[in-house]
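Architecture and fold: a report
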Amino acid sequence: MKFRKKLKKLVCKSLRHPWVLWGRKDYVFILSHMRSRSTLLSHILGSHPRICGYAEMHQSYETPVDLLWLRHQLQQRGEKSPVGRFALDKMLHDAQILSPSICDHPHIKKIFLLRPPAEAVKSIIHMGHTLKNVAWHTDPVAVFSYYNQRLQTLGNYAKRTKIPGFFIESGDMIQRPGRLLDALSAWLDLEAKLQSTYSTFRYTGQEKHGDPSANIKAGKILSQKSDYTTIVLDENLLSAAHENYLSTCETMQRHCVTADSLPFQHV
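One structure accompanies this document, and this report is about it. Remember, predicted model here, so these are calculated numbers, not experimental data.

**Overview of the sheet that holds strand 5 (residues 166-169)**
On the basis of which strands lie adjacent, the open sheet formed by five strands has the order 2-3-1-4-5 and parallel pairing. The open sheet has two edge strands, strand 2 (51-52) and strand 5, and neither has a second partner. Note: strand 4 (residues 108-114) against strand 5, four bridges, orientation parallel. Its bridge partner lying in strand 5, F112 is registered against F167. Taken strand by strand, helix 3 (residues 64-77) contacts strand 1 (26-31), strand 2, strand 3 (86-91) and strand 4, and its axis lies near 90° from that of strand 1.

Set out below in structure tokens:
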């Protein structure tokens, strides 16, 4: 949406409901890639009473007006008011831009989430064959290209930000959710801790809003792994992507907070 049109709508909104745009405004952005378990994380976060939002909003953040627009959009959905709460969005594609000034905004918390390519790429391809709505999702070369480029972008975000984000390796959400969620609660300064159970919402399980599979409707973290044994990946492409993953994880660990880097007594 063009800047002037967006600003005009925000002005009109503020006249009718000024509490949506006034007062302290905090944000949580999940910066990740497709099939990283970002929907699971966003539902856990969005179920907390101090956080509003759980789905992908498909918008860029280049100016403070875009941040206010997010609060407006969340208010329009009507499931939970953003007033006095963190407003949450997740960004999985390079088409959604996060400008340097917004990336270093003092009221924005950035969570980086990465999943190894052997799991993420197979999951994208499986989703592509299941939904049959995006052609490149079934093309392994195109999916590897997306994955590698997205990791490069996420690594650049982590390196250039002056305010460290919080880095999560996707598997930790399954293997040690208690420690991870306690650390994340402390980092976000939440009085009530995040829980491994979560609410389902209006757009839970719907395409274009996050994970469209039935698993996300369980309302809890599921430990069983999906069976992608029928999907065979090119070993050279997988090896290159895994090296990229390891390198990006090292970048994240140098520039971000992790569950292990937070003092345990503060959790």
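**A short note on the pairing of strand 1**
Most of strand 1 sits inside the fold, with six of its six residues counted as buried. What you see with strand 1 is no split at all: D26, V28 and I30 on one side and Y27, F29 and L31 on the other are buried throughout. Where strand 1 and strand 4 come together, five bridges link them in parallel fashion. Across the sheet, residue F29 finds its bridge partner in strand 4, namely K110.

**A look at the side chain of H137**
Turning to its location among the elements, H137 is positioned in the loop between helix 5 (117-131) and helix 6 (140-160). Setting aside anything within four residues of it in sequence, one finds H137 in contact with M34, I124, I125, M127, G128 and V143.

**Some words on the pairing of strand 3**
Within strand 3, six of the six residues are buried, which leaves it mostly tucked inside the rest of the structure. Both strand 1 and strand 3 contribute to a ladder of six bridges, which runs parallel. Along strand 3, the bridge assignment pairs D26 with F86. Sheet topology places strand 2 next to strand 3; two bridges connect them, and they run parallel. Bridging across to strand 3, C52 finds its partner in A87.

**Some words on empty space enclosed by the protein**
Per the counting criterion, the structure on display carries one cavity of 30 Å³ or more. In this structure, the largest cavity spans a volume of roughly 110 Å³. Within the residue set of the lining of the largest cavity, elements represented by two or more residues are strand 2 and helix 3. Of the residues in the lining of the largest cavity, the class split is seven nonpolar, three polar and three charged.

**Here's the deal with the packing of aromatic side chains**
Within this structure, the stated rule accounts for five aromatic pairs. Ring centres of Y27 and F29 lie 6.4 Å apart, and the angle between their planes is 45°; this geometry places the pair in the tilted category. The pair Y27 / F29 is uniform in exposure class, with both members buried. Summarising the aromatic geometry, the rings of F29 and Y61 are spaced 4.5 Å apart at their centres and angled 35° between planes, so their arrangement reads as tilted. Placement of F29 in strand 1 and of Y61 in the loop between strand 2 and helix 3 is noted, with a sequence separation of 32 residues between them. Each member of the pair F29 and Y61 is classed as buried. A cation sits over an aromatic face here: K109 above W187, 4.6 Å from the ring centre.

**Points about the pattern of salt bridges**
Counted under the stated rule, the structure contains six salt bridges. Measuring nitrogen to oxygen at the nearest pair gives 3.1 Å for the salt bridge that ties R35 to D211. Of this pair, R35 sits in the loop between strand 1 and helix 2 (38-46) while D211 sits in the loop between helix 8 (177-187) and helix 9 (235-255), placing them 176 residues apart in sequence. Overall, R35 belongs to the buried group, its relative accessible area being 18%.

**Examining the packing of helix 6 against helix 9**
In the contact formed by helix 6 and helix 9, the axes pass within 9 Å of each other and the chain directions differ by 15°. The angle between helix 6 and helix 9 falls in the class roughly parallel. Pair helix 6 / helix 9 crosses with left-handed handedness. On the side of helix 6, the interface is formed by V141, F144, Y147, N148, L151, L154, G155, A158 and K159, while helix 9 contributes L237, L238, A241, N244, Y245, T248, T251, M252 and H255. Taken together, the residues of the contact of helix 6 with helix 9 sort by class into 11 nonpolar, six polar and one charged.

Rules behind the numbers
Residues numbered from 1 in each chain as written. Predicted model: local features only at pLDDT ≥ 70, side-chain atom pairs only at ≥ 80, totals over all residues. Heavy atoms only, no water. Pairing = 2+ DSSP bridges. Helix = DSSP H or I, 4+ residues; strand = E, 2+ residues; numbered from the N terminus. Contact = heavy atoms within 4.5 Å. Axes fitted to C-alpha atoms, helices over the stretch in contact; angles between N-to-C directions. Buried < 20%, exposed > 50% of the residue type's maximum accessible area, 1.4 Å probe, protein only. 1 Å grid on protein atoms, 1.4 Å probe; cavity = no way out; pocket = protein on both sides within 12 Å on 5 of 7 lines; lining within 4 Å. Points joined across faces, edges and corners; volume = space filled by probe spheres on them. Nonpolar A, V, L, I, M, F, W, Y, C, P; charged D, E, K, R; others polar. Phe/Tyr/Trp six-rings, centres within 6.5 Å; stacked < 30°, edge-to-face > 60°. Lys NZ or Arg CZ within 6 Å of the ring centre and 35° of its normal. Salt bridge = Lys/Arg side-chain N within 4 Å of Asp/Glu carboxyl O. Parallel < 35°, antiparallel > 145°, perpendicular 65-115°, else oblique. Left-handed = near helix turned anticlockwise from the far one by under 90°.

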